[in-house]
Each structure stands twice: as structure tokens, then as C-alpha cells.
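Read off the chains here:
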Amino acid sequence: EAGVTQFPSHSVIEKGQTVTLRCDPISGHDNLYWYRRVMGKEIKFLLHFVKESKQDESGMPNNRFLAERTGGTYSTLKVQPAELEDSGVYFCASSQGDSAYEQYFGPGTRLTVT
Amino acid sequence: GQNIDQPTEMTATEGAIVQINCTYQTSGFNGLFWYQQHAGEAPTFLSYNVLDGLEEKGRFSSFLSRSKGYSYLLLKELQMKDSASYLCAVRDQYGGSQGNLIFGKGTKLSVKP
């Protein structure tokens with residue numbers, strides 16, 4: 001069974017540009033989470049989808065970040081326009097429905113804004 | 001506020017036992033998780049505690065005391081491949097499996113020959 005995959009693995013963009021990160025969760029997992037780790041800090045929650053609906057987006061830093069999960073399958077996280085402080089590693093995780101607790105993480109996308 | 005503390009770095013010898021501590025203060029509690037993360041890779045699930053006591057899984061064990069806001073991860077018979085970062089995380093929200101995780105900064109463990 002394939003794990004959580006993320007694309008791209010690395011992205012280097014200039015301040016003011018737009019970047020879109022993609023996450024493909026494990027097939028059949030209704031829950032999809034985005035997290036971010038800024039250098040030197042802990043991994044922090046951004047938002048949570050249940051199928052195609054946003055369950056909790058309390059961790060989204062500001063309106064430059066837009067997450068979607070069309071059809072309840074893969075998800076995208078767009079940063080527009082990117083700022084220097086957006087640099088970090090963006091992780092995606094997924095989990096099954098009601099009875100599951102384990103979140104399976106993807107390898108992350110390392111975003112560098114210059 | 002939400003706060004999870006764990007040591008930044010630890011060093012241990014191959015074949016030995018090491019205990020990584022984690023203390024937490026969160027507005028709610030619905031389970032504590034330990035993840036292992038090798039550099040450049042995805043965090044991988046190690047253990048889950050929601051009730052007080054010890055959970056054992058092979059060479060790894062995890063302990064929880066909810067009244068003290070304290071957990072530890074115990075690694076026995078250390079191997080070189082155990083060199084990694086160990087992340088302590090608390091699920092804060094209620095509602096079954098759907099709560100997001102609050103992470104500590106991680107403990108970087110180096111296993112020496």
C-alpha cells in the first residue's frame with residue numbers, strides 16, 4: 001500500500017511568487033492534515049480536512065495560504081504571494097475514520113523563499 | 001497556552017537503554033503520541049498513550065501520567081539505526097480521531113558505537 005506522498009520534495013521561489021504544494025493521502029483516508037515546521041521550531045498544525053470539507057483551519061497563518069481538497073482525494077496548499085517567513089518544511093498527514101488515531105505522515109515539501 | 005517540552009539532544013551507547021522525557025501543558029488532552037523522524041524523512045508513528053501506564057511494543061515502551069502531564073519513551077537494546085529525532089505530540093481536541101496534534105520540538109538522539 002502506498003504511503004502519503006507529497007510533491008514537490010523541494011521548492012525554491014522568490015518572495016512574491018506563488019507556489020502550490022500537493023499531498024496525496026493514503027487511499028481511503030478521510031482525514032487529511034497539513035502541518036508546517038519552520039527552522040528551529042516545532043511542527044505546527046495548519047488545517048484539517050474531513051473528506052472535502054475543512055474541519056479546522058485555525059492554524060492557517062493568514063489569507064495568503066489557501067488549501068483545497070477537491071473530491072475528497074488529494075489536497076493542494078497554495079501560498080500566494082510567498083514571503084520569506086513562509087520558508088520551512090510542509091508536512092501532510094492522513095488518517096482513517098472514526099476509530100483510527102494514527103496519523104501517517106508524508107516526507108514533506110521543503111519550501112525556501114528567497 | 002499550549003506547551004510541550006522535551007530535551008533537545010541526547011547521546012547513548014549502542015546496546016544501552018535510553019529514556020526520553022516529555023512534559024506537556026495543554027488546554028485539553030486526548031492522547032499522547034511518539035513519532036520517530038530520520039533526517040529528511042517522514043515522521044513515523046511509534047506509540048500512543050491515552051490512559052496512565054506503560055505501553056510496550058518490542059524494544060520501545062511509552063509511559064504516561066496524565067495527572068503529572070508527563071510521558072517518556074524508553075528505547076532498549078539501542079541500535080545505530082535508532083539515531084533519529086523523537087517527537088512527542090499531544091492530541092488536544094476531543095471528538096475521536098479527528099483532533100490535530102501539538103508537537104514538541106523533538107529530541108535528537110545520537111547512538112554511538
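Residues numbered from 1 in each chain as written. Chains lettered and ligands numbered in written order. Predicted model: local features only at pLDDT ≥ 70, side-chain atom pairs only at ≥ 80, totals over all residues. Heavy atoms only, no water.

S.K.: Sorry if this is basic, but what is going on with the side chain of Arg91(B) here?
M.R.: Checked against the element boundaries, Arg91(B) lands in strand β9 (residues 84-91). Within the structure, Arg91(B) has its side chain in polar contact with the side chain of Tyr48(B) (distance 3.2 Å). (Helix = DSSP H or I, 4+ residues; strand = E, 2+ residues; numbered from the N terminus. Polar contact = N/O pair within 3.5 Å; in protein donor to acceptor, adjacent residues only side chain to side chain.)

S.K.: Would you mind going over the interface of chain B and chain A with me for this structure?
M.R.: Of the residues lining the interface, 20 residues belong to chain B; the matching set on chain A comes to 24 residues. Counting the surface lost from both chain B and chain A, the interface buries some 1,800 Å², and carbon and sulfur atoms represent 53% of this. For the interface between chain B and chain A, the tally reads 4 residue pairs in polar contact (both at pLDDT 80 or more). Residue assignment for the side of chain B that touches chain A shows that the elements contributing at least two residues are β4 (32-37), β5 (44-49), β9 and β10 (101-103) of chain B. Examining the composition of the side of chain B that touches chain A, we find that 3 residues originate from one element, β4(B), more than from any other. Taken together, the residues of the side of chain B that touches chain A break down into 9 nonpolar, 8 polar and 3 charged. (Contact = heavy atoms within 4.5 Å. Buried area = accessible area lost by both parts, 1.4 Å probe. Nonpolar A, V, L, I, M, F, W, Y, C, P; charged D, E, K, R; others polar.)

S.K.: Please explain the environment of Glu52(A) as it appears in this structure.
M.R.: All names here are of chain A. Mapped onto the elements of the fold, Glu52 is located in the loop between β5 (43-50) and β6 (53-56). Among the residues examined, Glu52 registers a relative accessible area of 49% and is labelled partly exposed. Taking C-alpha positions, Glu52 is 14 Å from Leu66, a pair spaced 14 residues apart along the chain. In contact with Glu52, other than residues within four places in its own chain, are Arg69, Gly71 and Gly72. (Buried < 20%, exposed > 50% of the residue type's maximum accessible area, 1.4 Å probe, protein only.)

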